[in-house]
Amino acid sequence: MFKKILVVVMLISLSACSYFNKKDIAAEDSLYQAYYNSIKDNSKYTANNNYFKISAEMSQLPQGNYLYYVFIDEPQIAMYDIKVMIMEDGFIMNEDSDLLATVGIVDDTEVNMIPYQVDSTLGYQKGIVLSGNASAEEVLLDVLVTWNNENMTKSFREFYQIKLNMNGFDLISNESDGTN
């Protein structure tokens with residue numbers, strides 16, 4: 001009798017875990033979708049990166065396609081719970097799409113960057129590197145970076161557009177500088 005009760009309790013526990021995992025996946029999917037929609041619907045990009053340094057580089061793979069890297073580092077302020085998504089300009093998501101390059105959106109990783117402090121045990125990183133594949137030798141990348149202040153009372157959101165090829169990168173801005 002004890003064994004039967006134990007089996008029933010274990011099955012209920014496993015079902016509950018499965019239910020909560022599905023809820024977590026659904027929450028991650030909705031966050032992923034929200035970030036994707038934010039990038040897709042955005043039309044204003046900045047080239048001013050006052051809060052951190054953003055850079056990129058590209059290399060060609062032997063198969064002829066390209067691999068790009070986007071680096072976010074050298075924070076100028078304390079940045080907590082950083083989330084990043086990178087999308088090639090014009091990308092349309094569908095059921096067969098590969099996942100976009102992300103940090104803190106589809107994983108449980110909490111990334112924080114604080115000027116001159118690195119301690120991975122506390123989640124304080126030196127920087128973030130994201131990578132992706134491209135078929136063309138020049139790509140236009142749309143990047144969304146979000147973070148919070150230390151008390152989680154203020155949120156920040158920056159959109160960047162990076163024109164990248166084998167010779168380097170440019171941050172593209174379509175913001176008005178107020179000097180018409």
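I will try to describe carefully the structure that is included in this document. Worth saying up front: this structure is predicted, and the values here are computed from it rather than measured. (Residues numbered from 1 in each chain as written. Predicted model: local features only at pLDDT ≥ 70, side-chain atom pairs only at ≥ 80, totals over all residues. Heavy atoms only, no water.)

### A look at the sheet that holds strand S1 (residues 53-60)
Keep this limit in mind: For two strands to be treated as a pair, DSSP must find no fewer than two bridges joining them. Secondary structure elements are taken from DSSP: a helix is a run of H or I of four residues or more, a strand is a run of E of two residues or more, and numbering for both begins at the N terminus. Convention adopted: a line fitted to C-alpha atoms gives each axis, helices being fitted over their contacting stretch, and angles between N-to-C directions are expressed from 0 to 180 degrees.
Pairing within the open sheet is antiparallel, and its 3 strands lie in the order S1-S2-S6. Both edges of this open sheet fall to S1 and strand S6 (127-134), since each of them pairs with a single strand only. Put simply, the sheet's adjacent strands are angled 20° from each other on average, direction ignored. Two strands pair when backbone bridges link them, and strand S2 (residues 66-73) and S6 are joined in this way by 8 bridges, in the antiparallel orientation. Within S6, the position partnered with Phe71 by the bridge is Val129.

### Looking at the pattern of salt bridges
Quick reminder of the rule: A pairing counts as a salt bridge when a side-chain nitrogen of Lys or Arg comes within 4 Å of a carboxyl oxygen of Asp or Glu. When accessible area is computed with a 1.4 Å probe and restricted to protein chains, residues below 20% of their type maximum are described as buried, those above 50% as exposed, and intermediate ones as partly exposed.
Throughout the structure, instances matching the rule amount to 4 salt bridges. For Lys40, the salt bridge identified is with Asp41, shortest N-O distance 3.8 Å. The exposed category is assigned to Asp41, whose relative accessible area is 58%. Between Lys83 and Asp81 there is a salt bridge, with the nearest N and O atoms lying 2.9 Å from each other.

### What about the side chain of Lys83?
For clarity, the cut-off: Polar contacts, as counted here, are pairs of nitrogen or oxygen atoms within 3.5 Å of one another; within protein the pair requires one atom able to donate a hydrogen and one able to accept it, and residues that are adjacent in sequence qualify only if both atoms are side-chain atoms. Contacts are assigned to residue pairs that have any heavy atoms within 4.5 Å of one another.
Inspection of the secondary structure puts Lys83 in strand S3 (residues 79-88). With a relative accessible area of 13%, Lys83 lands in the buried category. Within the structure, the side chain of Lys83 is placed 2.9 Å from the side chain of Asp81, a separation counted as a polar contact. Among all residues touching Lys83, those that are not within four sequence positions of it are Leu31, Tyr35, Val103, Gly104, Ile105, Leu144, Val145 and Thr146.

### Notes on the nonpolar core
This is how it is decided: For this analysis, a nonpolar core means a set of buried residues of the types Ala, Val, Leu, Ile, Met, Phe, Trp, Tyr and Cys, connected via side-chain atoms within 4.5 Å.
Counting 28 residues, the largest nonpolar core has Ile82, Val84, Ile86, Ile128 and Val145 as the members making the most contacts within it. Elements with a minimum of two residues in this core: S1, S2, S3, strand S4 (101-103), strand S5 (111-113), S6, strand S7 (138-148) and strand S8 (155-165). Considering every element that reaches this core, the biggest residue donor is S7, with 5 residues. Residues Tyr45, Leu100, Ile105 and Leu144 belong to the second largest nonpolar core, which totals 11 residues.

### Topic: the packing of aromatic side chains
The line we're drawing: The rule is short: rings of Phe, Tyr and Trp, with Trp giving its six-membered ring, pair when the centres are within 6.5 Å, and they are stacked under 30 degrees, edge-to-face over 60, tilted in between.
In the structure shown here, the tally under the stated rule is 8 aromatic pairs. Here Phe52 and Tyr160 contribute two aromatic rings whose centre-to-centre distance is 5.8 Å and whose plane-to-plane angle is 70°, an arrangement assigned as edge-to-face. Within this pair, whereas Phe52 is found in the loop between helix H1 (2-41) and S1, its partner Tyr160 is found in strand S8, the two being separated by 108 residues in sequence. The exposure class of Tyr160 is buried, given its relative accessible area of 0%. Summarising the aromatic geometry, the rings of Trp147 and Phe156 are spaced 5.1 Å apart at their centres and angled 5° between planes, so their arrangement reads as stacked. An identical accessibility class is assigned to Trp147 and Phe156; each is buried. An aromatic cluster of at least three residues, connected via ring pairs, comprises Tyr51, Phe52, Trp147, Phe156 and Tyr160.

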